[in-house]
Amino acid sequence: MRRWAPWLAAAVALIALPFVYHDPYPVHILILVLIWSFLYTSWSMMGRFGLVSLGHGGFMGIGAYVTALLWNYLHVSPWIGIPLAMLAAAVAAVLIGYPCFRFRITGHYFALLTLALSAIVLQVITATRDFTGGSLGYTPERYDGGSSIYAVQFLGKQTWYLIALGIWGVALLIRYRVERSMLRYALEAIAEDEDAAAAAGVHVTAEKLKITVLSAMMTAFAGALYCQYQMFISPDTVSGIGVSLQMVFAAVVGGLYVPLGPTVGAAITILLTETLRISFGTAAVGWDNLVYGTLLVLFIIFLPQGLLGSVLAALTRRPAPAR
Amino acid sequence: MFDIFDIYLLEALVNGVLLGGVFALLALGLNLVFGVIDVVWICYAELIMLGMYGMYFLYAQYDVPFLLAALICIGGVAVLGVVLHIAVIQPLLGTPPINQLLATGGVLFFLQSAATVMFGIDFRNLGIRLPVLEVADMFISYARLLAFGAALAGMVALYLFLARSYTGAAIRAIAQDRQIMPLMGVDSRRIYVITSAIGGALAGLAACLLVLQYDVQPFVGLTFGPITFLICVLGGLGNMIGGFVAAFLFAEIISVSGLYLDLEWGYVFAFGFFVVLMFFRPQGLLARRS
């Protein structure tokens, strides 16, 4: 019981936060951090096993656009639209993943092949501009101008905060379950040596496909939720190489191998962007990415375990103080 | 509609060949760097973008003659390639290759936003309007013809360099066996730096020609970056002849579908074609069956 007490206290504090502290702007930032944390966690589920995908921009775009298009044109509630979008992302993941894993495409080849997926999604969204608005972006229709559970649209920031907090918790739980499963051992063996793992009886293609489909569906879910919260999506913010690299960046900077690493990455990136925007206004355009790019290079060279990963490693490495 | 004498189809095909030359030129430097150093420069298109800015400032702002400006540009981007190699790739050579790819992804962000901060997001062009050739009722872009010619010349020059010169032989040797050649007295660090310089110079050459066709802006790299990588992968990373064939295949698909539908659909078809082909030839277009 005592072991759980600090976690319980942290959970209660997180849930109570927006009701004690009413200022809408910090709550908005927190919601964004939580949604993007979910997304970065989804990416890191693959990335931590050496499956570096640049196609997650594509999965996110599928999630966001399928849900929004179904809602606007066919009036399908997001309760059905989001699972359909996740299914579409899963199909895309199998289409791109199966040949890659079956033919042992790894490393650079895998990264560049998945890059093709983000590029395709981006171009399809732009090419079908009559339906999707192209690069001008797209807005799901407001349901009777207000909040509705049926339409998954809420005006209150507190509601969104609780939803984002909930799904973030679920993402951590999924990651925790994967870390404790046989899948993890299989994937770690594959990451070490594919041939040896196959010889030891690991079904390489099937295991890799499992984690890819899981990661893609989570990414699509996050994309759909991002769209429902922001009520505006554009091809550049939810798909393409930029978003894909952004996921890599946040996960690497926070720490790929520790559960809360992507969350730390999301907090750092969003706080950095917002701080620059508030202090310098429009003069800050470009500066945030300048800092990101530099940090990404420096982290990969000097701190490949990421910020949180390195801190935790330093804490556990230190011997217990002599008494 | 598919009549072979259809003048529009013929024009699209010819333009596709010319576009293929541009793509082949783009893929050349990337393929060389990959084949020798085993590194993918994700920021390759952004090096070209900087080269295009260089051309713009030299030619349009400071009135440097075009050819001199082009030479300065090629040299400048070659230096950038060397800096990229020494500052980012060299410290990462011992780590998993994917780290190098991601680090150059960081450089991509850096260069894009550095250009945004320094030059703003305005579209700029040289103000040169090259004439359009009219051959047998077909309209052919002079800029593309020039790029096509330069691409061929660049390829021949690279081939001669690799085949005939001593350094070229060392580069080919390193590409074949990274472990043994240093034992044979080849200085791999020096070879890597030279290769990066040539890769950069080829990016600079591409920049000089692309600046005639595209307006410069910080994100121009995104318009031809992804397709360049796909061409290299389709040809088999590091396989220059494969890259050459893939460039023309892609260009024809884009050009011909652009005739019947929008240009974006051309790209969609090209990317789709790429994914389908990877099912059948995962090691690249010209890979030998093992």
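Given the structure is predicted, the values throughout are model-derived calculations rather than measurements.

**A few points about the overall build of chain B**
Secondary structure summary: chain B contains eleven helices and two strands in total. Shown N-terminal to C-terminal, the secondary structure of chain B runs as helices and strands in the order α-α-α-α-β-β-α-α-α-α-α-α-α. Taken over C-alpha atoms, the radius of gyration comes to 19 Å for chain B, in line with the 19 Å a tight globule of 290 residues would show. With the C-alpha coordinates aligned to their principal axes, the bounding extent of chain B is approximately 60 × 55 × 35 Å. When the 290 residues of chain B are sorted by exposure, 54% land in the buried category. Residue pairs at least 24 apart in sequence account for 76% of intrachain contacts in chain B once pairs closer than 6 positions are excluded. Accessible surface, chain B as shown: approximately 12500 Å² in total, 67% of it carbon and sulfur. Considering chain B, the positive charge centre built from 11 side chains and the negative charge centre built from 15 side chains are found 18 Å apart.

**Concerning the interface of chain B and chain A**
Chain B puts 44 residues into the contact, and the matching count from chain A is 39 residues. Interface area for chain B against chain A, summed over the two sides, is near 3700 Å², with a carbon-plus-sulfur share of 83%. When the buried area of chain B at its contact with chain A is split by residue, Leu102, Phe109 and Phe279 of chain B rank highest and sum to 18% of it. At the boundary of chain B with chain A, the tally comes to one residue pair in polar contact (both at pLDDT 80 or more). Taken together, the elements giving at least two residues each to the side of chain B that touches chain A come down to α3 (66-89), α4 (97-119), α9 (221-235) and α11 (263-280) of chain B. Of the residues assigned to the side of chain B that touches chain A, the class counts are 33 nonpolar, eight polar and three charged.

**Things to note about the nonpolar core**
Counting 197 residues, the largest nonpolar core has Phe23, Ile48 and Phe274 of chain B as the members making the most contacts within it. Excluding anything up to four places from it in sequence, Ile48 of chain B contacts Leu26, Ala203, Ala206, Ala207, Leu210 and Phe224 of chain B.

**Comments concerning a nonpolar patch on the surface**
All names here are of chain A. Together, Ile15, Leu17, Phe19, Val20, Tyr21, Leu30 and Leu162 make up an exposed nonpolar region whose accessible area comes to about 630 Å². Of the residues forming the nonpolar patch, the biggest block, four residues, is contributed by helix α1 (residues 5-20). Examined against the element boundaries, Val20 turns out to sit in helix α1. Under the relative-accessibility criterion, Val20 is labelled exposed at 68%.

**Focus on the pattern of salt bridges**
All names here are of chain A. Tallying each qualifying case throughout the model produces ten salt bridges over all chains. The partner of Arg175 in a salt bridge is Glu179, with the nearest N and O atoms 3.9 Å apart. Linking Arg175 with Glu179, this pair stays in helix α7 (residues 157-179), spanning four residues, or about one helical turn. Across the pair Glu188 and Arg184 runs a salt bridge whose closest N-O atoms are separated by 3.3 Å. Taken together, the residues span about one helical turn, with Glu188 and Arg184 both in helix α8 (residues 182-192) at a distance of four residues. Relative accessible area serves as the criterion here: at 21%, Arg184 is assigned to the partly exposed category. Among the charged side chains, a network of salt bridges with common partners joins Arg48, Arg175, Glu179, Arg184 and Glu188.

**Overview of the layout of surface pockets**
All names here are of chain A. Each pocket or cavity is described by its volume, and for the second largest pocket that value is around 1100 Å³. The wall of the second largest pocket is formed by 24 residues, among which Trp7, Trp168, Gly169, Leu172 and Leu260 lie closest to the centre. Counting only elements with at least two residues in the lining of the second largest pocket, the list comes to α1, α2 (24-47) and α7.

Rules used throughout
- Residues numbered from 1 in each chain as written.
- Chains lettered and ligands numbered in written order.
- Predicted model: local features only at pLDDT ≥ 70, side-chain atom pairs only at ≥ 80, totals over all residues.
- Heavy atoms only, no water.
- Helix = DSSP H or I, 4+ residues; strand = E, 2+ residues; numbered from the N terminus.
- Rg over C-alpha atoms; globule rule 2.2 N^0.38 Å.
- Buried < 20%, exposed > 50% of the residue type's maximum accessible area, 1.4 Å probe, protein only.
- Contact = heavy atoms within 4.5 Å.
- Areas by Shrake-Rupley, 256 points an atom, 1.4 Å probe, with all protein chains shown as cover.
- Lys, Arg positive; Asp, Glu negative; His and termini not counted.
- Charge placed at Lys NZ, Arg CZ, Asp CG, Glu CD.
- Buried area = accessible area lost by both parts, 1.4 Å probe.
- Polar contact = N/O pair within 3.5 Å; in protein donor to acceptor, adjacent residues only side chain to side chain.
- Nonpolar A, V, L, I, M, F, W, Y, C, P; charged D, E, K, R; others polar.
- Core = buried A, V, L, I, M, F, W, Y, C linked by side-chain atoms within 4.5 Å.
- Patch = residues over 30% accessible without salt bridge, like charges linked within 9 Å, V, L, I, M, F, W, Y side chains within 5 Å.
- Salt bridge = Lys/Arg side-chain N within 4 Å of Asp/Glu carboxyl O.
- 1 Å grid on protein atoms, 1.4 Å probe; cavity = no way out; pocket = protein on both sides within 12 Å on 5 of 7 lines; lining within 4 Å.
- Points joined across faces, edges and corners; volume = space filled by probe spheres on them.

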